[in-house]
Amino acid sequence: AACGRGGDGGGALTAADYIGTTSGAVSTGLKALRDSEQVRFNVVMVPGVSHRDVIAEMFSLVQFRKDSIALIDPPFALLRDDVIDWHNGSNIAVPNAPVAPLTEPYALTCWPWYEQFSAYLEINVFLPPSAGVVQTFAAVDKAVGPFRAPAGPVYGKIPGVSLEFNPRQEDRDALLGGTNRINPIADFQSTGLTFFGNRTLQRFAGPLDSIHVVRMLIYVKRLVVDAIQTLQFAPNDPQTWRDFVQRVDPILRSV
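Residues numbered from 1 in each chain as written. Predicted model: local features only at pLDDT ≥ 70, side-chain atom pairs only at ≥ 80, totals over all residues. Heavy atoms only, no water.

Undergrad: I'd love a proper account of the side chain of Asn198, names of residues and values included.
TA: Residue position: Asn198 is located in the loop between β11 (192-195) and α7 (211-227). Reaching out from Asn198, the side chain makes a polar contact with the side chain of His212 at a distance of 2.8 Å. (Helix = DSSP H or I, 4+ residues; strand = E, 2+ residues; numbered from the N terminus. Polar contact = N/O pair within 3.5 Å; in protein donor to acceptor, adjacent residues only side chain to side chain.)

Undergrad: Summarise the pairing of β11; cite the residues concerned and give the values.
TA: Pairing analysis gives four bridges linking strand β10 (residues 182-188) to β11, with the strands arranged antiparallel. When the bridges of β11 are listed, Ile185 appears paired with Phe195. Joining the antiparallel neighbours β10 and β11 is a turn of three residues. (Pairing = 2+ DSSP bridges.)

Undergrad: Got a sec to walk through the sheet that holds strand β7 (residues 114-118)? Specific residues and values, please.
TA: Within the open sheet, the three strands sit side by side as β8-β7-β9. Their pairing is antiparallel. Among the strands making up the open sheet, the edge pair consists of β8 (123-127) and β9 (162-163). Taken together, the five bridges between β7 and β8 define a ladder with antiparallel strand orientation. The partner of Glu115 across the bridge, within β8, is Phe126. Contacts from helix α4 (residues 129-143) reach β7 and β8 within the one sheet, and its direction differs from that of β7 by about 80°. (Contact = heavy atoms within 4.5 Å. Axes fitted to C-alpha atoms, helices over the stretch in contact; angles between N-to-C directions.)

Undergrad: Help me get a handle on the packing of aromatic side chains, residues and values and all.
TA: Under the criterion given, the structure shown has five aromatic pairs. When the ring of Trp111 is compared with that of Phe165, the centres are 5.4 Å apart and the planes differ by 35°; the resulting orientation is tilted. On the criterion of sequence distance, the pair formed by Trp111 in strand β6 (residues 107-111) and Phe165 in the loop between β9 and α6 (169-175) is long-range, its members being 54 residues apart. Plain terms: the ring middles of Phe147 and Tyr219 are 6.2 Å apart, the flat faces sit at 65° to each other, and that makes the pair edge-to-face. You can see Phe147 sitting in the loop between α4 and α5 (152-155) and its partner Tyr219 sitting in helix α7, a full 72 residues away along the chain. (Phe/Tyr/Trp six-rings, centres within 6.5 Å; stacked < 30°, edge-to-face > 60°.)

Undergrad: Any chance you could break down the packing of α7 against helix α8 (residues 238-254) for me, citing the residues and the numbers?
TA: Viewed as axis vectors pointing N to C, α7 and α8 meet at an angle of 160°, and their least axial separation amounts to 9 Å. With respect to each other, α7 and α8 are oriented roughly antiparallel. Of the two elements, α7 crosses α8, and the hand of that crossing is right-handed. Across from Val220, Leu223, Val224 and Ala227 in α7, the residues of α8 making contact are Arg247, Val248, Ile251 and Leu252. Within the contact of α7 with α8, the residues separate by chemical class into seven nonpolar, no polar and one charged. (Parallel < 35°, antiparallel > 145°, perpendicular 65-115°, else oblique. Left-handed = near helix turned anticlockwise from the far one by under 90°. Nonpolar A, V, L, I, M, F, W, Y, C, P; charged D, E, K, R; others polar.)

Undergrad: Could you give me a rundown of α4, with the residues and numbers involved?
TA: For α4, which comprises 15 residues, the first-to-last C-alpha distance of 22 Å matches the rise-based estimate of 21 Å (1.5 Å per residue) to within 8%. When we look at burial in α4, the residues that qualify are Pro129, Ser130, Gly132, Val133, Thr136, Phe137 and Val140. The buried residues of α4 occupy one face: seen down the axis, they fall within an arc of 160°. Positive backbone phi, approximately 150°, marks Gly145, located one or two places after α4. (Expected span 1.5 Å × (residues − 1). Buried < 20%, exposed > 50% of the residue type's maximum accessible area, 1.4 Å probe, protein only. Arc of directions from axis to C-beta.)

Undergrad: How would you sum up the pattern of salt bridges? Please name residues and give values.
TA: On inspection of all chains with the given rule, the structure shows ten salt bridges. The partner of Glu57 in a salt bridge is Arg34, and the shortest N-O contact between them spans 3.8 Å. Residue Glu57 is found in helix α2 (residues 52-65), and its partner Arg34 is found in the loop between β3 (26-27) and β4 (43-45); the two are separated by 23 residues along the sequence. Residue Glu57 is classed as buried on the basis of its relative accessible area, which comes to 10%. One salt bridge connects Arg80 with Asp171, and the closest N-O pair in it is separated by 3.1 Å. (Salt bridge = Lys/Arg side-chain N within 4 Å of Asp/Glu carboxyl O.)

See the structure below:
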């Protein structure tokens, strides 16, 4: 995962710092991640940063690369209806909130923030939801693969102690009802903190509205590109076609 963070003692970072700049061959911030031939990752996140300009740059990045998915964090301490309005671009009370609905198949958002014990600080600290969700990605990838949903009691467990707000059934229905696309993190007595959604920010029904489908396509694309790289300048003849099938077919069968 490619990620950035602030609050490490070096002074407060602005949205422009996260976005970065490009001057000649030198790029900084998120703009430095555009070169897919030099920088490889499948998840991009800026934990805890909810500025609309940073989100727009993350959307632009994943749209350009189409080989990664962006984890978008809502602001801290929003109630259920507030976070729904925020991701729909209608919460003007939140500074630097989106002014239009967040819509992007290669991105997702989730809620709420959660509390985890910090061994360094020796206290519980609140973390943005992306910090927990990316761990569910790692768990499902290690156990099965990115073609399974990183959610639920088996693969969706998040190591934490509590939530800022625990969404009940009616809350979860609202977060994902209609065209809303906020994946809830819930605290269940049997499993603890659990990522309990599998929706991207695509606002209409279709294959790319599911997180595991998008991540599967990213996974397959990377494997296929690597497998056929040496065929790029081969002649367009039956031998090359056979070579292509022999390299790609095992990848698709494994999925």
